[in-house]
Amino acid sequence: MSFMAPRKPALARDRRIPAIGIVGAPSAIGIRPYASGAARHLDRAPEVLREFGLVDHLRAADLGDVASPTYRDYLRPPGRGRNEPEIVAYSTALGERVAAAIASEGFALVLGGDCSIVLGSLLGARQARGRVGLAYVDAHADFATPGESSTGSVAGMSLALAVGRGESPLAHLRGCFPLVDGGHAALLGRRDGEDSRCGRADLLASSILDVPDGSLLAEGPEEAARLALRRLTVPELQGFWVHLDADVLNPLQMPAVDSPVPAGPTLESLVALLKPLVRHPKALGLDLAIYDPRLDPDRACATRLVRLLESLLA
């Protein structure tokens, strides 16, 4: 990835944050079970994050949780993602709540949950405003199809599905049209190597802006934010959504995730990347995914995530 010193759009650093509506997305149906065979505990994340006073600290309206369907595909189904029909239904329900949050408050904060919650979040953003862009901040590309995935986890396919890649009904939640056009999407912070099973060749051939972790480190998070905003704030878009996977953080600071990847930004660097995005006037919301309370017995990771959200939105 080469940065070309583009013209710098205004980052609106002093912009006042709009009212925030918090939506809980306590869902783990988009991710593979633990090695023991039990469903993961990502569904507990919204409750744990609220326990640290997040709603009050952000002066947000708590719009409650969207209850998740029951986990069904403990054994991977051939040819499709785990719990695919359930995620279709959940995305629709979550989308309705997110659309209401944006309409009533202006900015939606979705506490997940696994990465598949980005699909319902995007659906809601589109229902509320129209055409939207996507900043996908993740240590993984999440660009596999069900046929390529080694786990069957929809969480590992979420960016691909959002831009309409593959034949899954999750890639066609809007019928013939994807939730977001690849030319209006930015993938920031991936460091998952060159595994062909992750759809890497198709990612590189796509119109998605791909800014891997090495470029973030070399050029700085503020420059990556500026480059992303050039994609996300074009006139034909009515806004954009930010997806944040907790595993983008360095696992020395955020070990409570299902697939930690060595290296990655610190909390301070991640704030520098995200603040220009979430404080831009076209930002519609952010979803936080993949934090697993079971892997965080002393709640140190929960404390860091709450601090991160407060730094961005308080």
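Up top is the structure these notes are about.
All residue numbers here refer to positions counted from 1 along the written sequence of the relevant chain. Where totals are concerned, whole chains, interfaces and linings use all residues; where local detail is concerned, this predicted model gives features only for residues with pLDDT of at least 70, and gives and counts side-chain atom pairs only at 80 or more. To get the side-chain values, all heavy atoms of the structure are used, and hydrogens and water are removed first.

A. Region of the structure containing the nonpolar core. Leu109, Trp241 and Leu277 are the most contacted members of the largest nonpolar core, which totals 102 residues. Ranked by the residues each element gives to this core, the list is headed by helix H10 (residues 300–313), at 8 residues. Whether two residues are in contact is decided by their heavy atoms: any pair within 4.5 Å suffices. Other than its neighbours up to four places away in sequence, leucine 277 contacts Ala135, Leu188, Ala225, Ala228, Leu229, Leu232, Phe240, Val242 and Ala283. Each nonpolar core is a collection of buried residues, namely Ala, Val, Leu, Ile, Met, Phe, Trp, Tyr and Cys, held together in the definition by side-chain atoms within 4.5 Å. To sort residues, take the accessible area from a 1.4 Å probe on protein chains only and compare it with the maximum for the residue type: under 20% means buried, over 50% means exposed, and anything in between is partly exposed. We count a stretch as a helix when DSSP gives it H or I for four or more residues in a row; a strand needs E for two or more, and each element gets its number in order from the N terminus.

B. View of the environment of leucine 286. Tracing the backbone through its elements, the reader meets leucine 286 in strand S8 (residues 283–289). We classify leucine 286 as buried; its relative accessible area is 0%. Separated by 23 residues in sequence, leucine 286 and leucine 309 place their C-alpha atoms 9.9 Å apart. What leucine 286 contacts, discounting residues up to four positions off in sequence, is Phe107, Ala108, Leu109, Val110, Trp241, Val242, Leu244, Val278 and Leu309.

C. Examining the pattern of salt bridges more closely. Whenever Lys or Arg places a side-chain nitrogen within 4 Å of a carboxyl oxygen from Asp or Glu, that contact is recorded as a salt bridge. Taken as a whole, this structure holds 12 salt bridges when the rule is applied. One network of salt bridges, in which partners are shared, links Arg72, Asp73, Arg80 and Glu86.

D. Here's a closer look at the sheet that holds strand S6 (residues 209–211). In this description, strands pair whenever DSSP reports at least two bridges between them. Here 8 strands make up an open sheet; going across it, the order is S2-S1-S3-S8-S7-S4-S5-S6 and the pairing parallel. On the outer flanks of this sheet lie strand S2 (61–65) and S6, each paired with one strand and no other. Direction aside, the axes of adjacent strands within the sheet are offset by 15° on average. As defined by bridge partners, strand S1 (residues 20–25) adjoins strand S3 (residues 107–112) across 6 bridges and the pair is classed as parallel. The residue of S3 that forms the bridge with isoleucine 20 is phenylalanine 107. Seen against the sheet, helix H3 (residues 84–105) touches S1, S2, S3, strand S7 (239–245) and S8 and runs at an angle of roughly 165° to S1. Axis angles are defined between N-to-C directions and span 0 to 180 degrees, where every axis is a line fitted to C-alpha atoms and, for a helix, only to the segment in contact. Contacting S1, S3, S7 and S8, H10 runs over the sheet at an angle of about 170° to S3.

E. Region of interest: the pairing of S8. Burial within S8 is extensive, with 7 of its 7 residues counted as buried. When the strands point away from the viewer and the path from the first strand over the helix to the second turns clockwise, the crossover is right-handed. Crossover connection from S7 via helix H9 (residues 267–278) to parallel S8: handedness right-handed.

F. Focus on helix H4 (residues 117–129). A helix is expected to reach a length of 1.5 Å times the quantity of its residues less one. With 13 residues, H4 extends 18 Å from end C-alpha to end C-alpha; this agrees with the ideal 18 Å at 1.5 Å per step. Of all the 13 residues making up H4, 10 are buried; the element is thus mostly covered by neighbouring parts of the structure. Taken as a whole, H4 has its buried residues at Ile117, Val118, Leu119, Gly120, Ser121, Leu122, Leu123, Gly124, Ala125 and Arg126. Remark: glycine 130 follows H4 within two positions and exhibits a positive phi of approximately 115°.

G. Main features of the side chain of arginine 191. Along the chain, arginine 191 falls in the loop between strand S5 (185–188) and helix H6 (200–205). Here arginine 191 is buried and forms no salt bridge, its nearest opposite-charge partner aspartate 213 lying at an N-O distance of 4.6 Å. Here valine 248 takes part through its backbone oxygen, which lies 2.8 Å from a polar atom of the side chain of arginine 191. N or O atoms within 3.5 Å of each other form a polar contact, as long as, within protein, one can give a hydrogen and the other can take it, and as long as residues adjacent in sequence are counted only when both atoms are side-chain atoms. Within the structure, arginine 191 has its side chain in polar contact with the backbone oxygen of proline 262 (distance 2.9 Å). Not counting residues within four places of it along the chain, the set of residues in contact with arginine 191 comprises Ala139, Asp213, Asp247, Val248, Leu249, Asn250, Pro251, Val261, Pro262, Ala263, Gly264 and Pro265. The charged-residue count follows a simple rule in which Lys and Arg add positive charge and Asp and Glu add negative charge, with His and chain termini not counted at all.

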